[in-house]
Amino acid sequence: MKFNFFLKTVIVGIVILLFASCDRDFNEIGSGIVGDEHYGMNKYISNVVAYNQALGPVQSNNLPINQFGYYNNPVFGKTTASYVTQLELAVPNPTFYDQANVVVDSVYLYVPYYSTFLSTDTDSGDSTYELDSIQGNSNIKLSIYESNKFLETYDYTNGPQQLQKYYSNQQTQFESEGMIAGNRLNNDNGSIYDAAATNDHSQNDEFSFNSKQIKLYKEAAHTNVAERKAPGMFINLDKNFFRNKIVNAPSGKLYNNNVFKNYFRGLYFKVEAAASSPNQGTLAMMNFARGTITMIYHDKTSDTDATVIRKTLTLNFAGNTVNFLENDNNLPGYVTPNPIIGDDNLYLKGGNGSMAIIDLFGGKKNDDLNPELKDMRDHNWLINEASLTFYIDKTKLGTSAPEPNRIYLYDLTHNRPLADFFVDATTSSSTKFNKYIHGGILLDDNSQVVKVADGTRGTKYKIRITNHIRNLVKFGGSAATADSTNVRLGLVVTESISTVNRANLQSTFTTTNSANPDGTLISKYVPVMSVVNPLGTVLYGSTPNVPSDKRLQLEIYYTKPD
């Protein structure tokens, strides 16, 4: 009986411990399990070579998230991000029973922002939100046009099975080909937040990203709320245009969405600097796929019922898209990288920006002529941890440039994640911080995760590549039955580490390390989640000019068998 009681007590204790462990967030786990303590282990420092690489125009069609707006980064310069998208009928082949007398009451566009719900006022019913993934707080100029550019799905010039690629620098080309059709559609100068406000231009020339809840009213007096929406881009569009385009569409043009997308080729969201804010604006991350256009109109009930009733027609943001990115870059120096000794600073910038290339162990092959790796194999090192710590150059980055939450290190030779990415199954409440043992998350001096939303500044990024180094030691050398290549590594900013798809570069780049002349690398890809991220950072590089406590080096903690 005593044994059964003891056994039950132990089991209950284990269950409680498991539940307590599962309830920890990644900050606690990160500091408790993945700390910097390496008691009883040997430490080895290996020099690396890290240098910059400009990317140029990047493939930017059908991205999972889009940059949108205008922003002047104090370090990296101005970015203007515009957007073009196809549309689809939510219900194809709609019927208008009395076409000549249909009255279109209003047409509005709605795309929700990334936001966090905070609270609801019990008296008014109004909710408050905090916007996420947004930089700056000044107005931009927004013009929405009908697009006359058909966005192809397949690149028929290179074969029927080749998907079409559009690039971030094709805005001027598309406009010269007649993409803008007609006048601006967001020509309403009223306000959705104040019924009495007119000529405020908040939906066009002085557009702003507002965190207020959107309220739709039952009547023009704006007294009874019919519907509430989370903060988003809410814009009244020209109802006469939509009456002519939709209600008066030629026969068959609304039959299905394949026909419709060739008839109404989509919308073009053109962004420019606002007259009131020529040197600064706001740049947001947008998921336009959640967008809709709603046309409210009155028509007969049916062919047999002449009663006029209120109806709605919905267009979804669906089909092919292109994100245009114009950069006025302040830092041209990284266009001439030094792959031999590396660069003093590493400039990482999302979009059509820049990345860093990293060579471990002098860029040499993983064979018996690589003295460092051969010594590890000969002495049977057991790799306990291997990591790269990237320190932020606070002097060059300053205190006003926004910092990316995360950077991503990957196998640039094969354009795929490292082994450590695949073995790390850790998760957090936000998918942006999954695989936190592998790391790359913005940290402070105490190796705690920085909450960028609170205005806290970071100090470093630490990325663990323990399994990658273990594979080099285990499978390298001339006598090995399998070979693990000492690949070049790529380093970029990322919006989410969970998505590892790649985007094409418009122009490939070539890089060669003098220690391995036959190791010339030609790369034509970049991680897609780097393309969608508008931010950048300045890191210390790997040259002797960098202070030793900030210099990029490979740290290896190991033990030797007795």
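The shown structure was predicted, so the numbers you read here are calculated from the model rather than taken from an experiment.

Conventions adopted
Residues numbered from 1 in each chain as written. Predicted model: local features only at pLDDT ≥ 70, side-chain atom pairs only at ≥ 80, totals over all residues. Heavy atoms only, no water. Helix = DSSP H or I, 4+ residues; strand = E, 2+ residues; numbered from the N terminus. Buried < 20%, exposed > 50% of the residue type's maximum accessible area, 1.4 Å probe, protein only. Contact = heavy atoms within 4.5 Å. Areas by Shrake-Rupley, 256 points an atom, 1.4 Å probe, with all protein chains shown as cover. Phe/Tyr/Trp six-rings, centres within 6.5 Å; stacked < 30°, edge-to-face > 60°. Lys NZ or Arg CZ within 6 Å of the ring centre and 35° of its normal. Pairing = 2+ DSSP bridges. Axes fitted to C-alpha atoms, helices over the stretch in contact; angles between N-to-C directions. Lys, Arg positive; Asp, Glu negative; His and termini not counted. Salt bridge = Lys/Arg side-chain N within 4 Å of Asp/Glu carboxyl O. Polar contact = N/O pair within 3.5 Å; in protein donor to acceptor, adjacent residues only side chain to side chain. Patch = residues over 30% accessible without salt bridge, like charges linked within 9 Å, V, L, I, M, F, W, Y side chains within 5 Å.

> Would you explain the overall build of the protein chain in this entry?
Counting its regular elements, the protein chain contains ten helices and 28 strands. Among the 562 residues that make up the protein chain, the fraction classed as buried is 49%. The long-range fraction of contacts in the protein chain, counting pairs at least 24 apart against all pairs at least 6 apart in sequence, stands at 77%. A total accessible area of about 26100 Å² is found for the protein chain, and carbon and sulfur atoms account for 49% of it.

> Sorry, what's going on with helix 9 (residues 466–475) here?
Because an α-helix completes one turn every 3.6 residues, residues spaced three or four positions apart along the sequence face the same direction. Inspection of helix 9 places Thr-466, His-468, Ile-469, Leu-472 and Val-473 among the buried residues, and these make up the whole buried set. The inward-facing, buried residues of helix 9 contact helix 6 (371–378), strand 20 (382–391), helix 8 (419–423), strand 23 (460–464), strand 24 (489–493) and strand 28 (553–559). Looking one or two residues past helix 9, Gly-477 carries a phi angle of roughly 90°, positive in sign.

> What should I look at first to understand the packing of aromatic side chains in this one?
In this description, a pair of aromatic rings is defined by centroid distance and the angle of the planes. Tallied over the full model, the rule gives 26 aromatic pairs. Ring geometry for Phe-421 versus Phe-422: centroids 5.4 Å apart, planes at 85°, classification edge-to-face. On the accessibility criterion, Phe-421 (6% relative accessible area) is buried. For Phe-422, a relative accessible area of 58% translates into the label exposed. Among the aromatic residues, those joined into a ring-pair cluster are Phe-68, Tyr-83, Phe-269, Phe-288 and Phe-317. Here the guanidinium or amino end of Lys-149 rests over the ring plane of Phe-174, the centre of that ring lying 4.7 Å away. In this structure, Lys-245 packs its charged tip against the face of Tyr-263, placed 4.5 Å from the ring centre.

> Explain the sheet that holds strand 28 here, please?
The strands making up a sheet are joined through hydrogen bonds of the backbone, oriented either antiparallel or parallel. Reading across from one edge, 1-28-20-23-22 is the order of the five strands in this open sheet, with antiparallel pairing throughout. Edge positions in the sheet fall to strand 1 (42–47) and strand 22 (439–443), since each of these pairs with one other strand and no more. Neighbour-to-neighbour, the strand axes of this sheet turn through a mean angle of 25°, independent of strand direction. Here five bridges tie strand 20 to strand 23, and the two strands are oriented antiparallel to one another. Of the residues in strand 23, the one forming a bridge with Tyr-391 is Lys-460.

> What should I look at first to understand the side chain of Arg-243 in this one?
Along the polypeptide, Arg-243 turns up in helix 4 (residues 239–247). Look at Arg-243: it is buried, it has no salt bridge, and the nearest opposite charge is Asp-98 at 7.7 Å. Discounting residues that sit within four places of it in the chain, Arg-243 has contacts with Gln-99, Ala-100, Asn-101, Val-102, Val-104 and Asn-248.

> Would you explain helix 4 in this entry?
Those residues of helix 4 lying buried are Phe-241, Phe-242, Arg-243, Lys-245, Ile-246 and Val-247. Buried positions along helix 4 lie against strand 5 (103–112), strand 9 (140–147), helix 5 (257–263), strand 16 (292–300) and strand 17 (308–328). At the N-terminal end of helix 4, a side-chain oxygen is found 3.0 Å from the backbone nitrogen of Asn-240, two or three residues along, and the residue is Asp-238.

> Honestly, the side chain of Asn-186 in this entry has me stumped. Any pointers?
Topologically, Asn-186 is positioned in the loop between strand 10 (180–181) and strand 11 (214–217). A polar side-chain atom of Asn-186 sits 2.8 Å from the main-chain carbonyl oxygen of Gln-203. Non-local contacts of Asn-186, meaning those with residues more than four positions away in its chain, are made with Leu-142, Ser-143, Ile-144, Gln-203, Asn-204, Ile-235, Asn-236 and Leu-237.

> Looking at this model, I keep getting lost on a nonpolar patch on the surface. Mind explaining?
Residues Tyr-154, Tyr-156 and Leu-163 make up a contiguous nonpolar surface patch of roughly 330 Å² in combined accessible area. Relative to the assigned elements, Tyr-154 resides in the loop between strand 9 and helix 3 (171–176).

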